[in-house]
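# Notes for the structure review
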Amino acid sequence: SQQGEEDPQALSIQEGENATMNCSYKTSINNLQWYRQNSGRGLVHLILIRSNEREKHSGRLRVTLDTSKKSSSLLITASRAADTASYFCATDPYYGNNRLAFGKGNQVVVIP
Amino acid sequence: SQTIHQWPATLVQPVGSPLSLECTVEGTSNPNLYWYRQAAGRGLQLLFYSVGIGQISSEVPQNLSASRPQDRQFILSSKKLLLSDSGFYLCAWGGTYGYTFGSGTRLTVV
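Heads up: these notes are all about the structure in this document. (Residues numbered from 1 in each chain as written. Chains lettered and ligands numbered in written order. Predicted model: local features only at pLDDT ≥ 70, side-chain atom pairs only at ≥ 80, totals over all residues. Heavy atoms only, no water.)

All names here are of chain B. Read from one edge to the other, the open sheet built from four strands follows the order β1-β3-β8-β7, with strand pairing classed as antiparallel. Because the sheet does not close on itself, it has two edges, and the strands there are β1 (3-7) and β7 (65-70). Averaged over all adjacent pairs, the angle separating strand axes in this sheet is 20°, with direction ignored. The pairing of β7 with strand β8 (residues 73-78) spans four bridges and is classified as antiparallel. Note on β8: the bridge partner recorded for Ala66 is Leu76. (Pairing = 2+ DSSP bridges. Helix = DSSP H or I, 4+ residues; strand = E, 2+ residues; numbered from the N terminus. Axes fitted to C-alpha atoms, helices over the stretch in contact; angles between N-to-C directions.)

Structure follows, in structure tokens:
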């Protein structure tokens, strides 16, 4: 079953603004990952955060993880039109089957 | 470096026709391989995964099948396509630290 559930599902912002999206999951995890999917393309791995980490940065991306609340957030700072995409979280369940569980995705539209 | 190739990029097939989508991986050996389907504006549905040659696990009973004839080759097939098979098909390889996805095949069954 899908663990990740992103919220909100659609976000429209102006270029230069920050975009924040959330992901919640149901069971203990080893790590959580975020992916980006441009329209009509495959998913691209953005960042991984381990269960013992609380925050991680990569360029304009900032990911937080709260294992007590079983949630994660992805922040994109100073958004650009090129950030327009769908963003998916995926979890590696602690008691899982060594397969990632993907959420339903967040669509982000950055208006130039 | 590792690369994944998936083809064709788009496909329009009539109902009842067969299907064969191919995915190959380069630069790694014995990869875990996956086939996903994505309906328009929706999330990913895992169809099949494989941990080795000839080892296929099916996640969802459907009109599709998968095969892994070689270590780095993963094929998605159907004998007779249904309208409901339309969608965006993605191949991926990887493990619990991350997947690498192919560029996808847009299948339209008419």
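Having seen the structure, we can now continue with the description.
For the rest of this paragraph, the subject is the interface of chain B and chain A. Taken together, the contact pairs 20 residues of chain B with 20 residues of chain A. For the pair chain B and chain A, the two sides together bury roughly 1,500 Å², of which 53% comes from carbon and sulfur. The largest per-residue losses of area from chain B upon contact with chain A belong to Thr96, Tyr97 and Tyr99 of chain B, which jointly make up 37% of the total buried on that side. There are one salt bridge connecting chain B and chain A. (Contact = heavy atoms within 4.5 Å. Buried area = accessible area lost by both parts, 1.4 Å probe. Salt bridge = Lys/Arg side-chain N within 4 Å of Asp/Glu carboxyl O.)

There is about 1,000 Å³ of room inside the largest pocket. Those elements that provide at least two residues to the lining of the largest pocket are β9 (85-93), β10 (101-102) and β11 (106-111) of chain A together with β4 (33-38) and β5 (44-52) of chain B. Per element, the largest residue contribution to the lining of the largest pocket is four residues, and it comes from β9 of chain A. Taken together, the residues of the lining of the largest pocket sort by class into 14 nonpolar, 22 polar and eight charged. (1 Å grid on protein atoms, 1.4 Å probe; cavity = no way out; pocket = protein on both sides within 12 Å on 5 of 7 lines; lining within 4 Å. Points joined across faces, edges and corners; volume = space filled by probe spheres on them. Nonpolar A, V, L, I, M, F, W, Y, C, P; charged D, E, K, R; others polar.)

To continue, consider the state of the cysteines. The tally for this structure, following the rule as stated, stands at two disulfides over all chains. Residue Cys23 of chain A pairs covalently with Cys89 of chain A via a disulfide, S to S 2.0 Å. The sign of the 60° torsion about the S-S bond sets the Cys23 of chain A-Cys89 of chain A disulfide as right-handed. Taken together, the positions of Cys23 of chain A in strand β3 (residues 19-24) and Cys89 of chain A in strand β9 put the pair 66 residues apart, joining distant regions of the chain. Owing to a relative accessible area of 1%, Cys23 of chain A belongs among the buried residues under this scheme. Linked covalently through their sulfurs, Cys23 of chain B and Cys91 of chain B form a disulfide whose S-S length is 1.9 Å. Negative torsions about the S-S bond denote left-handed disulfides, and the value of about -75° found for Cys23 of chain B with Cys91 of chain B makes this one left-handed. With Cys23 of chain B in strand β3 (residues 19-26) and Cys91 of chain B in strand β9 (residues 87-95), this residue pair connects regions lying 68 residues apart in the sequence. The pair formed by Cys23 of chain B and Cys91 of chain B is uniform in burial state, with each residue classed as buried. (Disulfide = S-S within 2.5 Å. Buried < 20%, exposed > 50% of the residue type's maximum accessible area, 1.4 Å probe, protein only.)

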